[in-house]
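Chain residues, written in single-letter form:
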Amino acid sequence: MSLSNLFSISRSSLFAHQKALAVTSANIANANNPAYTRQVVMFGTATPNHRESFSFGSGVNVDKVLRVRNQVTDAQIRLNNQSYFSAEKQAGTLRQVESLFSEPTELGLSNLMSQFFNSWDELAVDPHSTDLRTNVVQAGQKISEKVSSIHSGITQTKTDVANEAKNVVRQVNTIVEQLHTVNKQIYEASSIKSFNNDLLDKRDILLDELSSLVSINVSIDDKNVANVSIGGIFATDGLHHVEFALDQDGDRISLMTKDGAAKTRLQGGSLKGLTELYNKDLPQQLKDLETITQALMENVNDIHSKGHTLTDPQVTGVNFFTKFDKGVLEINQDILDDPFFVAVSSDGADGNNKIALEIAALRNGKLLDNRTLAENYSDLVSGVANKINLQEQKQDSYGLVLHQLHQQKAEYSGVSTDEEMIHILEYQKSYDAAAKLVRVADELLQTIISLV
Amino acid sequence: MRIPDSFLQRTFMRSLNNTKSSLAEIQYQLTTMKQVNKPSDNPLSNSRIMRLHNHLEKINTFKTNINYGKSMIDSSILSLGSMQEAMDSVKLELTKLNSAVVGGDYTTFADSIDGSLDLILDLANSEFNGQYNFGGAQNGEKPFYYDEANNRVVTQRYIGGDKEVRISETIKQKFNVAGREIFQSVLAQKGNLDSNLDIGVAQDTSSKVYDADGNEYTLDMRYTKTDDNEYQLTYDVIDSDNNSVQTKTITEIKFDSITGKFSSIGENTFGEIKIDVPGNKIDFVIDVSKLKVLDSPKKLNETLNQKSNIFNTLISIRDGLRRGEKPTAEQVEMVDKFNSHLLNNMSKAGSISNKLTATESVINNRELEVTELLSFEQDVDVARATIELQTKQYMLDLTYKISSMILPRSLLDYL
C-alpha cells in the first residue's frame with residue numbers, strides 16, 4: 001500500500017460526507033414541505049485493495065440515497081382520502097341545501113304552512129273582513145315564494161354540482177396526464193440507475209391528489225412506475241394514459257372514458273360525492289318538495305272550488321292555486337287582484353265559513369302517505385339533516401383515521417430538524433477528520449521528501 | 001418513535017382547530033340563545049321544534065278566534081239583555097192596561113209599546129265589528145227592516161245558520177245567536193220521506209200555524225215524489241173558516257242520493273221555505289233542512305218554536321191600542337212566551353261565552369306547557385354554555401401558550 005492511498009481514502013471520505021451533508025441540507029430545506037419524503041444517505045465501504053495476503057481498506061462510498069417511505073401507509077392514506085373527500089363534498093353541499101329551508105325559524109316552510117292554515121281559521125271568524133282575506137292571500141303568497149325559493153335553490157345547487165363535477169373531471173385528466181409524464185421520467189431514470197427520489201415524491205403527491213377526487217387502484221412495478229386505474233377503468237402507466245369525460249345522461253351524471261367506451265364505477269373521492277348528490281339526493285329532495293306542494297295545491301283547490309266567493313255575482317268553482325310547475329306555485333290571479341274571490345262559504349251565505357274551516361282542517365289531514373303535510377315536510381328536512389350528520393360523522397371518522405395515518409407517515413418520512421442537525425454534526429466531524437487525515441498524509445509525505 | 005417537526009405542527013393544528021370549532025359553536029349558541037340553529041344540529045330536536053312551533057301558532061290562532069268569538073257573543077248577550085229590559089217594559093205596560101184604573105185612551109200605552117218596538121228592532125239590528133249580531137250565517141246585511149207600506153217588520157232574507165270557529169284541535173264552537181232562533185216563527189219539519197215510493201206518489205202532513213194576533217190556521221203539506229231523491233211540496237194555509245189563505249207549490253226539493261239528507265231547494269241550500277201572507281199578518285218559515293229520504297220512513301211531524309214574529313205581534317198590539325182596543329189574551333201570551341224564549345236564548349248565549357272563557361283558560365295553560373317544551377328543546381342552557389365557553393377559552397389560551405413555548409424550539413436554538 002502506498003502513501004498516496006491515504007489521500008485517496010481521505011478524498012473518498014470528504015466526497016461521501018460532502019454528499020451526505022448535501023442530502024441533510026435538502027432534508028432541512030424541505031422540513032415543512034408536505035410533499036417531501038426524508039432521504040437518508042446509505043454509506044458503503046469502498047472495494048478494498050488486496051496486496052499479498054493483506055487486504056487494505058480503500059475508503060467510503062455513498063451507495064445510495066434512500067427515500068424513507070412506507071407503501072402500506074401510502075395505500076391506506078389514498079383509500080381513506082377517497083372516503084373522506086366523498087363525505088366532505090356531500091356534507092358541504094347538503095349544508096347549502098339545509099340553509100335553503102330556513103328551519104327551525106319562522107321563515108321556514110313549516111311555519112308558513114301553519115300560518116296559511118291558521119289564516120283560514122281566522123278568516124272563518126269573520127268571512128267579510130278584507131284584512132283577513134288579504135291575510136289568507138298573503139299567507140298563500142309566502143308559501144309560494146318559499147317553495148319557489150327552495151326549489152330554485154336546490155335546482156341551482158344541482159347545476160353547480162354538475163359544473164363542479166366537470167371541473168373535477170378536468171383536474172382528473174390533468175393529474176392523469178402529469179402522472180403519465182412522471183411515470184415515463186421515473187422509468188427513464190431507473191433505466192440509467194439514477195436516483196429518482198424527487199420524481200417518486202412528485203408521483204406520490206399526484207396519486208394522493210387523484211385519490212381525493214376519484215377512487216383509484218395503484219400498483220407499483222419493479223421500475224417504480226405506477227399503474228393507475230380509476231373506478232375499475234385503466235387510467236395510466238408508463239406507456240399510455242386515458243382521457244376521461246363527464247357523461248350527462250338526462251338526469252344522471254357519470255365518469256366515462258372520453259371515447260365513451262367504458263364507464264367507471266366510483267367508490268369514493270369528491271366526484272363520487274358529487275354524482276351521489278346529482279343522481280340521488282338532490283332529485284329526491286326536489287321530488288319530495290314537489291309532492292308536498294302538489295298535495296297542498298290539490299287539497300286546497302278541491303275544497304276551495306266547492307265554495308262560493310263573496311264577489312258580486314258570486315262565483316263557484318274557483319281554484320285558489322292555478323298551477324304548480326317547475327317549482328312555481330301560482331295563486332289565482334283573480335284572488336290576487338280581489339281577495340273577495342277567496343271562497344269561504346259553502347252555500348253562498350256571506351257569513352258561512354264552512355269552506356274556510358275545511359281548508360284549515362287540512363292541517364291535520366292525512367293527505368300524503370297517511371301522514372300530514374307538516375309531517376311529510378318534517379321528514380324531508382330531517383332527511384337532509386340526517387344525511388348531513390351521517391356525512392359529517394364519516395368525514396370526522398375518516399378525518400381522524402387520515403390524521404393518524406399522516407402521523408404514521410410523518411414518523412417514517414417526516415423531517416426532524418433535531419435529527420438532521422445531529423447528522424450535520426456527525427458528517428461535519430467526519431469531514432473534519434478526513435481533512436485532518438489529508439494533513440497527516442501531507443506531513444508524512446513532507447517527512448519523506450525532507451529525507452531525500 | 002421518531003417525532004419529526006411536522007408531527008408536532010399537525011397535532012397542534014388539529015387540537016387548535018378542534019378547540020376553536022367547539023368554541024365557535026358555543027359562541028353561536030350563546031349569541032342566538034338557541035342550541036338548535038339548523039336541522040343538522042339535532043334532527044330529532046329540529047322535528048320536535050317545528051312541531052311545537054306549529055302547535056304554538058295554532059294556539060295563537062285559537063286564542064285570537066276565542067277572543068273574537070267571545071267579543072261577538074258578549075255583544076249579542078248585551079243586546080239580548082237590553083231587549084229583555086225593553087220586553088219587561090212592554091210587559092209592564094200590558095199589566096197596567098189590565099188594571100182597573102186604566103180606561104178609554106190607550107195612546108200613551110201605544111207610544112210606549114212603539115218605543116219598545118223601536119228599541120227591540122234597533123237591538124235586533126245591532127252590530128259587532130261590522131257584522132250583524134243576529135244576522136245568522138249571512139250577517140253582512142241588516143236582517144230586519146220596517147215595511148211601511150204593509151206596516152210590518154220584514155226579515156230581509158235567511159237569518160239562520162251558525163257561525164263556528166275552531167277553538168281547539170277538535171272543537172268547533174258556535175259563537176253567534178242567529179236571528180231566526182229568536183225572532184222568527186219556524187216550523188221545523190221532521191221525520192223521513194219514504195224512498196221506496198213510486199214517482200208521483202205523495203205523503204201528507206198537517207200542522208197549526210198562527211198570525212201576529214195569535215189566530216190559528218191549518219197548514220196542509222203534501223210532499224210528492226217527482227224523481228229519485230227529488231220532491232215537490234204543495235202547501236195550503238187554511239183559516240178557521242176553512243178558507244184557503246195561500247196555496248203554493250215548491251219544486252226541486254232535492255236530497256243526497258247516498259246519505260238521504262236534504263240537499264237543496266232550487267238554488268237555495270238553506271232548506272228554508274218562507275210563507276208570507278201580509279194581508280193576514282202571517283209570517284213564518286218552514287225548515288226542511290232536517291228532512292231525510294230513507295227506506296225506513298218515520299212519520300212526518302212538525303215543531304213550531306213560537307207562534308209569530310214578535311215585531312209584528314207588537315205592531316198589532318200597538319195598532320190595536322191606538323184604535324182603543326186592549327190586547328187579546330193570545331197576544332199577551334205571545335209576548336210572555338217571547339220573553340221566556342229570549343231568556344232561554346240569553347242563557348244559551350251565556351253558556352257559549354262561559355265555554356269560550358273556560359277553553360281560553362285551558363288553551364293558556366297549554367300554551368305555557370308548549371312554550372316550556374319548546375324552550376327545553378330549543379333554548380340554550382346559558383349557565384352550562386357559559387361555563388363551557390370559559391373552559392374552552394381557557395384551553396385555547398393554554399394551547400397558544402404552550403405552542404409559543406414549544407413549537408419554535410429545536411436543537412438549533414442550543415448549538
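Rules used throughout
- Residues numbered from 1 in each chain as written.
- Chains lettered and ligands numbered in written order.
- Predicted model: local features only at pLDDT ≥ 70, side-chain atom pairs only at ≥ 80, totals over all residues.
- Contact = placed C-beta atoms within 7 Å.
- Helix = DSSP H or I, 4+ residues; strand = E, 2+ residues; numbered from the N terminus.
- Core = buried A, V, L, I, M, F, W, Y, C linked by C-beta atoms within 7 Å.
- Buried ≥ 20, exposed ≤ 12 C-beta atoms within 10 Å, placed from the backbone.

Asks: Help me out: how do you make sense of the interface of chain A and chain B in this one?
Replies: For interface size, the figure often reported is the accessible area lost on association. Across the contact, 46 residues belong to chain A and 50 residues belong to chain B. Secondary-structure elements contributing two or more residues to the side of chain A that touches chain B are α2 (71–101), α3 (109–125), α8 (354–361), α9 (373–413) and α10 (417–451) of chain A. The element contributing the most residues to the side of chain A that touches chain B is α9 of chain A, with 14 residues.

Asks: Got a minute to help me understand the nonpolar core in this structure?
Replies: Note on soluble globular proteins: their nonpolar side chains tend to be buried together. Ala-165, Val-172, Val-214 and Ala-356 of chain A are the most contacted members of the largest nonpolar core, which has 142 residues in total. The element contributing the most residues to this core is helix α4 (residues 130–191) of chain A, with 18 residues. Setting aside anything within four residues of it in sequence, one finds Ala-356 of chain A in contact with Trp-120, Leu-123, Ala-124, Pro-127 and Val-344 of chain A. With 24 residues, the next largest nonpolar core counts Leu-187, Val-237, Phe-262 and Ile-286 of chain B among its residues.

Asks: Help me out: how do you make sense of unusual backbone geometry in this one?
Replies: Peptide bonds are mostly trans, and most non-glycine residues show a negative phi. The amide bond that connects Glu-103 of chain A to the next residue, Pro-104 of chain A, takes the cis arrangement and shows omega of -5°. One can find Pro-104 of chain A in the loop between α2 and α3. Residues Asp-312 of chain A and Pro-313 of chain A are joined by a peptide bond in cis, for which omega reads 5°. In this structure, Pro-313 of chain A sits in the loop between α6 (270–304) and β10 (321–325). Of note in the backbone geometry, Asn-229 of chain B takes a positive phi value of approximately 60° without being a glycine. Looking at the secondary structure, you find Asn-229 of chain B in the loop between β10 (216–227) and β11 (230–238). Judged by local crowding, Asn-229 of chain B falls into the partly exposed class, with 17 C-beta atoms found within 10 Å.

Asks: So what exactly am I meant to see when it comes to the environment of Gly-200 of chain B here?
Replies: Residues and elements named next belong to chain B. By the secondary structure assignment, Gly-200 is in the loop between β8 (192–194) and β9 (202–210). Considering only alpha carbons, one finds Gly-200 and Lys-225, 25 residues apart in sequence, at a separation of 5.3 Å. Ignoring anything within four residues of it in the chain, the contact list for Gly-200 reads Thr-224 and Lys-225.

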